[in-house]
Amino acid sequence: MLFLLLATLLITGYFIRDSMDKWEAPEAAMPRRWKTLLASEVRFYSSLDIDKKHLFEYKVMEFLANCKITPIETKVHDLDRLLIAASAVIPIFAFPEWKYYNLDEVLLYSSSFNDNFETEGEDRRIFGMVGTGYMEGKMILSRGALRQGFQNESDRRNTAIHEFVHLIDKADGVIDGVPSLLFEKQYVLPWFDMVEKKIHEIETDRSDIRPYGATNRAEFFAVLCEYFFECPKLLERKHPQLYDYLEMIFHQRLSEREFKIVDAEIGRNDPCPCDSGKKFKRCCGDVV
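These remarks concern the structure in this document. (Residues numbered from 1 in each chain as written. Predicted model: local features only at pLDDT ≥ 70, side-chain atom pairs only at ≥ 80, totals over all residues. Heavy atoms only, no water.)

1. Focus: the sheet that holds strand E3 (residues 128-130)
Strand pairing in a sheet relies on backbone hydrogen bonds. The paired strands run either parallel or antiparallel.
So, step 1. Taking strand neighbours across the sheet as the criterion, the four strands line up as E1-E2-E4-E3 in an open arrangement whose pairing is mixed. Every other strand in the sheet has two partners, leaving strand E1 (68-72) and E3 as the edge strands with one partner each. Here the average twist between neighbouring strands, direction ignored, is 20°.
So, step 2. The pairing of E1 with strand E2 (residues 105-109) spans five bridges and is parallel. The residue bridging Thr70 from the neighbouring strand is Leu107, located in E2. (Pairing = 2+ DSSP bridges. Helix = DSSP H or I, 4+ residues; strand = E, 2+ residues; numbered from the N terminus. Axes fitted to C-alpha atoms, helices over the stretch in contact; angles between N-to-C directions.)

Have a look at this one:
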């Protein structure tokens, strides 16, 4: 058993070192129009002070410089790029050196898809997925779900953050609801005990945590993180112990921050700040 653990760590370390050579620093600072989009669409960014805003902008540009975003039968707008990158940065914002070495490409679909990655027909119930097998190193997101995650914070749902939390969980080699690289070992068993208790509360309809969280420990962790990053004050009030665990894991005291959108004065009929030449409502402001 010890041999297998050591082998896994060595292999993981090899691929991390190999991937480290591939991550490059961004060549340019974030354009002003992108900052405007972030301020008008991402509450997390708007709540930061000026120095931390600069760090957030750098991490967004770094992510976009190293991870390809590919549209599948749709078009990628600047807003899509920014929301995907913001979803990657938000969970690991307290860890400036973090790199998503286990991700090469994000595939952006126009809508939900099925297990065969089809956007037409029946059983199109999937809005996001972390790839495995021949899809290793890829993430799939629905553009509608991506944008909805930042437009409606009261539903405690954010598909893109959910999937990036899975990637963080997977950084130790397995998606199991315990991000070992961020989680101190002595807290693992108490965490598992609490998770089982909370899953039982979901199953018996005694919880406001989304039912999908009862699927397994990994999904519980990802669903809970959506709640944490979308409605931290509410999570702290209703589930103080869970909130404390996530605050400890991510090193972010979110309940002390004021999350609000800054009025960036982008009207629906104004020119889109991405310089497409279209009105905002027909370009980056188009949800569908």
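2. Examining the nonpolar core
So, step 1. Of all hydrophobic cores here, the largest spans 77 residues; its most connected members are Phe56, Phe63, Tyr100, Trp191 and Leu246.
So, step 2. The dominant element in this core, judged by the number of residues it contributes, is helix H9 (residues 217-230), at nine residues.
So, step 3. Ignoring any residue separated from it by four or fewer positions in sequence, one finds Leu246 in contact with Trp191, Phe221, Leu224, Cys225, Phe228, Leu235 and His251.
So, step 4. Residues Leu107, Tyr109, Phe113 and Ile126 belong to the second largest nonpolar core, which totals six residues. (Core = buried A, V, L, I, M, F, W, Y, C linked by side-chain atoms within 4.5 Å. Buried < 20%, exposed > 50% of the residue type's maximum accessible area, 1.4 Å probe, protein only. Contact = heavy atoms within 4.5 Å.)

3. Things to note about the packing of helix H5 (residues 78-89) against helix H7 (residues 159-170)
So, step 1. Contact geometry of H5 with H7 gives a least axis separation of 8 Å together with a crossing angle of 45°. The angle between H5 and H7 falls in the class oblique. The way H5 lies across H7 gives a crossing that is right-handed. Residues Ile84, Ser87 and Ala88 of H5 lie in contact with H7, whose contacting residues are Ala160, Ile161 and Phe164.
So, step 2. In terms of residue class, the contact of H5 with H7 is made up of five nonpolar, one polar and no charged. (Parallel < 35°, antiparallel > 145°, perpendicular 65-115°, else oblique. Left-handed = near helix turned anticlockwise from the far one by under 90°. Nonpolar A, V, L, I, M, F, W, Y, C, P; charged D, E, K, R; others polar.)

4. Some thoughts on the packing of aromatic side chains
So, step 1. Counting across every chain of the model gives 19 aromatic pairs.
So, step 2. Note on Phe44 and Phe93: the rings are 5.8 Å apart at their centroids and 85° apart in plane angle, and the pair reads as edge-to-face. Linking Phe44 in helix H3 (residues 43-46) with Phe93 in the loop between H5 and E2, this pair joins segments that are 49 residues apart in sequence. Neither residue differs from the other here; Phe44 and Phe93 are each classed as buried.
So, step 3. Summarising the aromatic geometry, the rings of Trp98 and Tyr100 are spaced 6.2 Å apart at their centres and angled 75° between planes, so their arrangement reads as edge-to-face. With respect to class, Trp98 is no different from Tyr100; both count as buried.
So, step 4. A connected cluster of aromatic rings, assembled from ring pairs, spans Phe183, Trp191, Phe221, Phe228, Phe229, Tyr243, Tyr245 and Phe250.
So, step 5. One residue, Arg156, lies across the ring of Tyr227, its end atom 5.3 Å from the ring centre.
So, step 6. Positioned above the aromatic ring of Phe192, the side-chain terminus of Arg217 is 3.8 Å from the ring centre. (Phe/Tyr/Trp six-rings, centres within 6.5 Å; stacked < 30°, edge-to-face > 60°. Lys NZ or Arg CZ within 6 Å of the ring centre and 35° of its normal.)

5. A look at H5
So, step 1. With twelve residues, H5 extends 16 Å from end C-alpha to end C-alpha; this agrees with the ideal 16 Å at 1.5 Å per step.
So, step 2. All of the buried residues along H5 are Asp78, Leu79, Asp80, Leu82, Leu83, Ile84, Ala85, Ala86, Ser87, Ala88 and Val89. (Expected span 1.5 Å × (residues − 1).)

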